[in-house]
Amino acid sequence: MIDHVRSTVLSVLNKENRGTLTVAQFNSYAKHAQQLIFDQYFSEYSRLSTLKNSRRLSRDHGDKLTMLRQNIDKFMKTATGSIVSTYIQKPTDLYSIISLTYGGKLMEYIPKYKEAYLEASNIAAPSALYPGYCDENNYLYVKPNTLTGSVNINYIRTLVDPNWTYNVIGENPVHNPSALDFQDFELSPDDQTSLVIEILKLSGVTIREAEVAQAAAQIDAVETQKENV
C-alpha cells in the first residue's frame, strides 16, 4: 500500500510541476500521517458508539463501528509483567492499556487523586481479591503492596513506522519491497485516501505551495462530509 500512496502523492504534486518529495521526506510524512489517522480511530470510535446507542447507525454491512473495532483489534497484544517492589514496567510498545489481570482477577484502575481515599477505606481498599493498579510514568504499580508474581497486561500497541525502501536505477529511486527494513503501512486499506490527503497537506507546506495544502484540505472536508451523511 505504501508504494501506491507514494505514487499517488507524487502524481498530484507533479501534475502541474509543483515540485516533488525526497524519499526521506515522504517517509517522515508517512509516519506522521499514519499516527494521526490511528489517533483518530479512537475519537471516531467514541462518536460512532454514541450514534449506535441512539440507534442512528446501521447494524448491517454498513456497520462502521464494527469495522472500526476490527481495525483497532489488530493492534491488541498481551504481555506478562513481573511485579518488582510493587512496580511493573510498561511494555515498550504500549499505546493504551485495555486491562490488567492478576491471578485471573481483573485489576481496577485507580486514579492518583483517589489513591489516598481508597487506601484509607476499610471497605473499598484494594485487596488480593480485588486488586488495583496506578499509572506512574513508565511504570505501573499494584495495590495492595503485598501482591507478588506477575500480571497480564492487555493493551493496544504502538504502530511500526512505515518505510518506503528503494534501489537507485539510473537517477531514480525504484521501489524495493524486498529490503530488510521495508515496512508497509499498518492501517486498513480503507485509509489509503486519508493517508494521501494528510501527506499532501504536509507536502504543500514543504514545497511552499499553499494551493496543494488547500486542495488536500478541501478533499478531506468532502470525505468527512460523506462519512457524516
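Our structure's up above, just so we're on the same page.
Calculation notes
- Residues numbered from 1 in each chain as written.
- Predicted model: local features only at pLDDT ≥ 70, side-chain atom pairs only at ≥ 80, totals over all residues.
- Heavy atoms only, no water.
- Helix = DSSP H or I, 4+ residues; strand = E, 2+ residues; numbered from the N terminus.
- Buried < 20%, exposed > 50% of the residue type's maximum accessible area, 1.4 Å probe, protein only.
- Contact = heavy atoms within 4.5 Å.
- Areas by Shrake-Rupley, 256 points an atom, 1.4 Å probe, with all protein chains shown as cover.
- Axes fitted to C-alpha atoms, helices over the stretch in contact; angles between N-to-C directions.
- Parallel < 35°, antiparallel > 145°, perpendicular 65-115°, else oblique.
- Left-handed = near helix turned anticlockwise from the far one by under 90°.
- Nonpolar A, V, L, I, M, F, W, Y, C, P; charged D, E, K, R; others polar.
- Phe/Tyr/Trp six-rings, centres within 6.5 Å; stacked < 30°, edge-to-face > 60°.
- Arc of directions from axis to C-beta.
- Pairing = 2+ DSSP bridges.
- Expected span 1.5 Å × (residues − 1).
- Core = buried A, V, L, I, M, F, W, Y, C linked by side-chain atoms within 4.5 Å.

**Q** Looking at this structure, I do not really get the overall build of the protein chain. What am I missing?
**A** On a plain count of helices and strands, the protein chain comes out with six helices and nine strands. The buried share among the 229 residues of the protein chain stands at 37%. Taking all contacts inside the protein chain whose residues are at least 6 apart in sequence as the whole, residues at least 24 apart take part in 67%. Put simply, the protein chain shows about 14,000 Å² of open surface, and 50% of that area lies on carbon and sulfur atoms.

**Q** Is there a simple way to explain the environment of S99 in this structure?
**A** Relative to the assigned elements, S99 resides in strand β3 (residues 94-102). Expressed as a C-alpha distance, the spacing of S99 and N154, which sit 55 residues apart in the sequence, is 5.2 Å.

**Q** How should the packing of helix α1 (residues 2-14) against helix α2 (residues 23-53) be read in this particular structure?
**A** A pair of packed helices is captured by two measures, namely the crossing angle of their axes and the spacing between those axes. The geometry of α1 relative to α2 is characterised by a closest axis approach of 12 Å and an angle of 115° between their N-to-C directions. Taken together, α1 and α2 sit at an angle that is classed as roughly perpendicular. Of the two possible hands of crossing, α1 and α2 adopt the one that is right-handed. Across the interface between the two elements, I2, V5 and R6 of α1 pack against V23, F26 and N27 of α2. Looking at the contact of α1 with α2 residue by residue, the class counts come to four nonpolar, one polar and one charged.

**Q** In this structure, what is going on with the packing of aromatic side chains? I would like to understand it.
**A** Centre distance and the angle of the planes are the two values used to describe a pair of aromatic rings. Scanning the entire structure with this criterion turns up nine aromatic pairs. Between Y87 and Y141 the ring centres are 5.4 Å apart and the planes differ by 45°, which places this aromatic pair in the tilted class. With a gap of 54 residues between them, Y87 in strand β2 (residues 87-89) and Y141 in strand β6 (residues 139-143) connect regions that are remote in the sequence. Overall, Y141 belongs to the buried group, its relative accessible area being 6%. Ring-pair connections join several aromatic residues into one group, and the members of that group are F38, Y41, F42, F75 and Y95.

**Q** Would you mind showing me how to read helix α3 (residues 64-73) here?
**A** Count 3.6 residues to each turn of an α-helix, and residues three or four apart come out pointing the same way. Among the residues making up α3, those that are buried are L65, L68, N71 and I72. The buried residues of α3 occupy one face: seen down the axis, they fall within an arc of 120°. In the core, the buried residues of α3 are packed alongside α2, β1 (76-82) and β7 (150-157).

**Q** Would you mind going over the pairing of β3 with me for this structure?
**A** In regular strands, side chains alternate between the two faces of the sheet. Two elements, β3 and β7, share six bridges in a ladder whose sense is antiparallel. By the bridge assignment for β7, L94 is matched with R157. Summarising the sheet, β3 and strand β4 (residues 105-109) pair through three bridges and their orientation is antiparallel. Residue pairing in the sheet places L100 in a bridge with M107 of β4. The turn linking β3 back onto β4 is made up of two residues, and G103 within it adopts a positive phi angle of 60°.

**Q** Where do I start with the environment of T101 in this structure?
**A** Note on placement: T101 falls in strand β3. Sequence-wise, T101 and V151 are 50 residues apart; in three dimensions their C-alpha atoms are separated by 5.8 Å. If we skip the residues at most four places from it in the chain, T101 touches L106, M107, V151 and N152.

**Q** What should I look at first to understand α1 in this one?
**A** In this model α1 runs 18 Å from its N-terminal to its C-terminal C-alpha over 13 residues, within 8% of the 18 Å that 1.5 Å per residue would give. For α1, the full list of buried residues reads I2, V5, R6, V9, L10 and L13. With its buried residues spanning 125° around the axis, α1 presents them on a single face.

**Q** Is there a simple way to explain the nonpolar core in this structure?
**A** The nonpolar side chains of a soluble globular protein tend to be buried with one another. In terms of nonpolar packing, the biggest core is built from 29 residues, with V5, V9 and I199 touching the most fellow members. Going through the elements one at a time, α1, α2, α3 and α5 (192-206) are the ones with two or more residues in this core. Tallying contributions element by element places α2 first for this core, with ten residues. Discounting residues that sit within four places of it in the chain, V5 has contacts with F26, F185, Q192, L195, V196 and I199.

That's the geometry; what it means functionally is another story.
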